[in-house]
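For reference, the chains in residue letters:
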Amino acid sequence: MIHWECPACGGNDAIQRVGAVVGSQTSDTSGMALTYVGGDHGILGVAPSVYGGVNASRLAQRLSPYTMRPGNIHPFWIYSSWLLGSVGCAMWLNNRFSPHVGDGLMTTFLWMAAGIPIAGLTVFLLHLMHEFEQRHARRLWHTQWAYLNDCYYCFRDDIVFDVTHHGRPEDFVPHVFSLSYEEMGYEE
Ligand SMILES: [Zn+2]
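In this text, all values refer to a predicted model and were calculated from it rather than measured experimentally. Residue numbers run consecutively from 1 along every chain, following the written order of its sequence. Note on the predicted model: pLDDT of at least 70 is required for a residue's local features to be given, and 80 or more for side-chain atom pairs to be given and counted; whole-chain, interface and lining totals, by contrast, use all residues.

Draft legend 1. Representation of the overall build of the protein within the structure. Secondary structure assignment for the protein yields 6 helices and 6 strands. If you list the helices and strands of the protein from N to C, you get β-α-β-β-α-α-α-α-β-β-β-α. Three classes are used. A residue is buried when 20 or more other C-beta atoms lie within 10 Å of its own, exposed when 12 or fewer do, and partly exposed in between, with C-beta atoms placed from the backbone. Scored against the burial criterion, the 188 residues of the protein give a buried share of 25%. Distance between backbone-placed C-beta atoms decides contact: two residues are in contact if it is within 7 Å. When contacts within the protein are restricted to residue pairs at least 6 apart in sequence, those whose partners lie at least 24 apart make up 70%. In this description a helix means any DSSP run of H or I spanning at least four residues, a strand means any run of E spanning at least two, and both kinds are numbered starting from the N terminus.

Draft legend 2. Main features of the confidence of the model for the protein. Mean pLDDT over the protein: 78, with 78% of residues reaching 70 or higher. Contacts for the low-pLDDT stretch residues 29-54, under 50 throughout, to residues beyond four places or in other chains number 52 contacts. As a per-residue measure, pLDDT reflects the predictor's confidence and takes values from 0 up to 100.

Draft legend 3. Unusual backbone geometry, seen in detail. At Asp158, a position not held by glycine, the phi torsion is positive, near 55°. Assignment of secondary structure puts Asp158 in the loop between β4 (152-154) and β5 (159-161). When the 13 C-beta atoms within 10 Å are taken as the criterion, Asp158 is described as partly exposed.

Draft legend 4. Region of the structure containing helix α5 (residues 135-149). One less than the number of residues in a helix, times 1.5 Å, gives the span that helix is expected to have. Compared with the 21 Å implied by 1.5 Å per residue over 15 residues, the 21 Å span of α5 between its first and last C-alpha is a close match. Inspection of α5 places Gln144, Trp145 and Leu148 among the buried residues, and these make up the whole buried set. Across the axial projection of α5, the buried residues extend over an arc of 100°, all falling on one side. Exposed positions of α5 whose direction lies more than 90 degrees from the buried face are Arg135, His136 and Ala146. Of all possible arcs, the one meant is that of the directions from the helix axis to the C-beta atoms.

Draft legend 5. Local environment of the sheet that holds β4. Pairs of strands are assigned from DSSP output, requiring at least two bridges between the strands. Pairing in this open sheet of 4 strands is antiparallel, and the strands run β1-β4-β5-β6 from one edge to the other. For this open sheet the edge positions go to β1 (15-17) and β6 (166-167), each flanked by a neighbour on one side alone. Where β5 and β6 come together, 2 bridges link them in antiparallel fashion. In the strand pairing of β6, Val160 is matched with Gly167.

Draft legend 6. Layout of the nonpolar core. For our purposes the nonpolar core covers buried Ala, Val, Leu, Ile, Met, Phe, Trp, Tyr and Cys residues that link as a set through C-beta atoms within 7 Å. One finds Val18, Leu63, Tyr152, Tyr153 and Val160 to be the most contacted residues of the largest nonpolar core, which totals 19 residues. Secondary structure elements with two or more residues in this core: α1 (18-24), α5, β4, β5 and α6 (169-176). Apart from the residues lying within four places of it in its own chain, the contact partners of Tyr152 are Trp4, Ile15, Gln16, Arg17, Val18 and Phe161.

Draft legend 7. Up close: the environment of Cys154. Here Cys154 lies in strand β4. A C-alpha to C-alpha distance of 9.3 Å links Cys154 and Pro7, two positions 147 residues apart in sequence. The residues touching Cys154, leaving out its near neighbours within four places in the chain, are Cys6, Ala8, Cys9, Ala14, Ile15 and Ile159.

Draft legend 8. Summary view of α6. Among the residues making up α6, those that are buried are Pro169, Phe172, Val173 and Val176. Buried residues in α6, looked at end-on, bunch into an arc of 100°, giving them a common side. Residues of α6 that are exposed and point more than 90 degrees away from the buried face comprise Glu170 and Asp171. Buried residues along α6 sit in contact with α2 (58-62), α5, β5 and β6.

Draft legend 9. Layout of the environment of Met129. Locating Met129 in the fold gives a position in helix α4 (residues 105-133). For Met129, a count of 12 C-beta atoms within 10 Å puts it in the exposed group. For the pair Met129 and Gly71, spaced 58 residues apart in sequence, the C-alpha to C-alpha distance is 8.4 Å.

Draft legend 10. Local environment of the environment of Arg138. Considering the arrangement of structural elements, one finds Arg138 in helix α5. According to the C-beta neighbour criterion, Arg138 is partly exposed, with 19 such atoms within 10 Å. The sequence separation of Arg138 and Arg69 amounts to 69 residues, and the corresponding C-alpha distance is 6.5 Å. Beyond its immediate stretch of four places on either side in the chain, Arg138 contacts Arg69, Pro70, Gly71 and Glu131.

Dropping the structure here:
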């Protein structure tokens, strides 16, 4: 059992596990759904997520991964598949009901609505493919995230630390996501 104390102030009265800090400052701690978290995080897919949501505090966000999880779908693909789905539906509708379906605003809304299931299916399939392709990088990312959650944060000094390193969240978090299994003390 390691005795944790802050490398800056030498105390342990103001420190807390990163995972606990993030958990206590994030109101929506998990969701088993296609969770959109915005920014560069992409679509998380069917997995618990504890970061990046609108309910996460500034501190929780600073202590969360800054990089997209490997295998996540970038929001770009959602919009482009929605657009393509809408165009596809528009062509199909025009073909089937022409000339009853015109160019009105209502028709545009109809196309866009009809494009949603197509976009949803496309994104879902892309997600499965992408996740499979990057499963090794994804596993490492999850290990790094777990490692980060086991580090400690000192509220007095605004630093995160493990046994050997410490730094501001902005420096320490990217550092953790550059570690190998070996550097984190894991086999393989
Ligand atoms: Zn301290």
